[in-house]
Amino acid sequence: PAPPLTFHLGLLCHLYSTITVNQRISQVDAFTDRPFSGNPAAVCVLSEPQPDDWMQQVAQEMNLSETAFLLRQEDGFNLRWFTPTTEVDLCGHATLASAHVLWSEGHLSPDHTAVFSTRSGILSAQKSGDWIELDFPAAHLKSIPCPEAVVSSLQLSPVAAYDNQVGYLLVEVETAAQVRQLSPDFRVLAQAPFKGVIVTSRADNKADEKAYDFVSRFFGPNCGIDEDPVTGSAHCALAPFWRDRLHKNEMIGYQASARGGVVKVRYDGGDRVFLRGQAVTVMIGELQ
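Residues numbered from 1 in each chain as written. Predicted model: local features only at pLDDT ≥ 70, side-chain atom pairs only at ≥ 80, totals over all residues. Heavy atoms only, no water.

Visitor: Please explain the pattern of salt bridges as it appears in this structure.
Guide: Pairing between side chains of opposite charge can happen when their charged atoms approach one another. Summed over all chains, the structure comprises 14 salt bridges. Between Arg-80 and Glu-87 there is a salt bridge, and its shortest N-O distance comes to 2.8 Å. A relative accessible area of 18% means that Glu-87 is categorised as buried. Between Asp-268 and Arg-266 there is a salt bridge whose closest N-O contact spans 3.0 Å. Looking at Asp-268, the relative accessible area reads 44%, which means it is partly exposed. We classify Arg-266 as partly exposed; its relative accessible area is 23%. The network of salt bridges with shared partners includes Asp-52, Arg-80, Glu-87, Asp-89, Arg-119 and Lys-195. (Salt bridge = Lys/Arg side-chain N within 4 Å of Asp/Glu carboxyl O. Buried < 20%, exposed > 50% of the residue type's maximum accessible area, 1.4 Å probe, protein only.)

Visitor: What is the right way to look at helix H2 (residues 52-62) in this model?
Guide: Two residues of an α-helix separated by three or four positions point the same way, owing to the 3.6 residues in each turn. Listed in full, the buried residues belonging to H2 are Met-55, Gln-56, Val-58 and Ala-59. Viewed end-on, H2 has its buried residues packed into an arc of 160 degrees, placing them on one side of the element. In H2, those exposed residues whose orientation departs by more than 90 degrees from the buried face are Gln-60 and Glu-61. Buried residues belonging to H2 abut strand S1 (23-30), strand S2 (39-46), strand S3 (67-73), strand S4 (76-82), strand S5 (87-88) and strand S18 (279-287). With its phi angle positive at about 55 degrees, Asn-63 sits one or two positions after the end of H2. (Helix = DSSP H or I, 4+ residues; strand = E, 2+ residues; numbered from the N terminus. Arc of directions from axis to C-beta. Contact = heavy atoms within 4.5 Å.)

Visitor: Quick question: what am I supposed to make of the packing of aromatic side chains here?
Guide: Each aromatic ring pair is summarised here by two numbers: the centre-to-centre distance and the angle between the ring planes. Taken as a whole and assessed by the stated rule, the structure comprises 8 aromatic pairs. Ring centres of Tyr-162 and Phe-241 lie 5.4 Å apart, and the angle between their planes is 65 degrees; on these two criteria the pair is classed as edge-to-face. On the criterion of sequence distance, the pair formed by Tyr-162 in strand S10 (residues 160-163) and Phe-241 in helix H7 (residues 235-246) is long-range, its members being 79 residues apart. Both residues of the pair, Tyr-162 and Phe-241, belong to the buried class. Summarising the aromatic geometry, the rings of Tyr-212 and Tyr-254 are spaced 4.9 Å apart at their centres and angled 15 degrees between planes, so their arrangement reads as stacked. Within this pair, whereas Tyr-212 is found in the loop between strand S12 (196-202) and strand S13 (214-220), its partner Tyr-254 is found in strand S15 (residues 250-255), the two being separated by 42 residues in sequence. Residue Tyr-254 is classed as buried on the basis of its relative accessible area of 17%. (Phe/Tyr/Trp six-rings, centres within 6.5 Å; stacked < 30°, edge-to-face > 60°.)

Visitor: Is there a simple way to think about the environment of Val-45 in this case?
Guide: Take Val-45: it is sitting in strand S2. Overall, the relative accessible area of 17% leaves Val-45 in the buried class. Each C-alpha atom, one on Val-45 and one on Leu-123, is 17 Å from the other, the two residues being 78 residues apart in sequence. Apart from residues no more than four positions distant in its own chain, Val-45 is found in contact with Gln-23, Arg-24, Leu-70, Val-101, Leu-102 and His-107.

Visitor: What's the story with the state of the cysteines in this structure? I'm lost.
Guide: Put plainly, a disulfide is one covalent bond tying together the sulfur atoms of two cysteines. Inspection of every chain in the model, using the stated rule, returns 0 disulfides. This cysteine, Cys-91, is not joined by any disulfide, and Cys-223 carries the nearest cysteine sulfur, 9.7 Å off. Unpaired in this structure, Cys-236 has its nearest cysteine sulfur neighbour in Cys-91, at a distance of 10 Å. (Disulfide = S-S within 2.5 Å.)

Visitor: Quick question: what am I supposed to make of the nonpolar core here?
Guide: Buried together is how nonpolar side chains tend to be arranged in soluble globular proteins. By size, the foremost hydrophobic cluster in this structure holds 54 residues, and its most contacted members are Trp-81 and Phe-116. In terms of nonpolar packing, the next biggest core, distinct from the first, is built from 23 residues, Leu-169, Val-179, Ala-203 and Tyr-254 among them. (Core = buried A, V, L, I, M, F, W, Y, C linked by side-chain atoms within 4.5 Å.)

Visitor: Is there a simple way to think about the environment of Cys-146 in this case?
Guide: Relative to the helices and strands, Cys-146 resides in the loop between strand S9 (142-144) and helix H4 (148-154). Judged by its relative accessible area of 22%, Cys-146 is partly exposed. Distance in space between the C-alpha atoms of Cys-146 and Ala-161 is 5.2 Å, their sequence separation being 15 residues. Among residues more than four places away in sequence, those in contact with Cys-146 are Val-151, Pro-158, Ala-161 and Val-171.

Visitor: When you look at the side chain of Gln-255 in this model, what are you seeing that I'm missing?
Guide: Inspection of the secondary structure assignment puts Gln-255 in strand S15. What Gln-255 contacts, discounting residues up to four positions off in sequence, is Ser-216, Arg-217, Phe-218, Asp-228, Pro-229, Val-230, Thr-231, His-235, Gly-260 and Gly-261.

What follows is the structure, given as structure tokens:
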């Protein structure tokens, strides 16, 4: 009879329209070659523009250090990054994860460069064997006295402190053991006038660190992340910093968080720094 057929056609149309507006979302571990290490990021390739408050709510729901949203445009992809509490100007691991998703899920051919329009200008990513190379802006450092809130929170006297002039403080300490053993008071650290604090030292000569040139950790209570597992944007400052001290253009950094991650850096001077990392997809879902 006609009425049941009409009902079923209407139901199918409704289901189809619901499916087409749902957004696929992937969770990717970045700066690692194995699941459950490195830095997890959520990546959502949008089929159409979405409101800012919706993207912020998705990031809060994912509750990762970063959720990336991509929207195809004529010359590449618009890319935005959100922590659970705010939008940020630059994020390395979620950009790495975004490039990985574009290539692995068929949005972009692996032999094509991924080009991103962001709040930090045009960024790009290229495949290099099993690695992904990011072209990022270099951060130039200015020596400053270390804020008392940072000294008190870290409970140590740093060798030196530097403002990277885009919201991060870089703190040099004497040994990698100090970096690894830090247990900051995040309530006190949040009183420092910085979005994030990078703590770094030369790598030790111990067997497990001989492969690395420097180690670091990143703390960001003022942007909703007490400790970020692996921070690509921090290496935009770490690469120029350690190049000047180690007299090497190519180095390997290890971020000594609980999850840990490896970032290869190349800095030849000037305004750009190149970061290399690996990435692996651990989960794919759908936003209703």
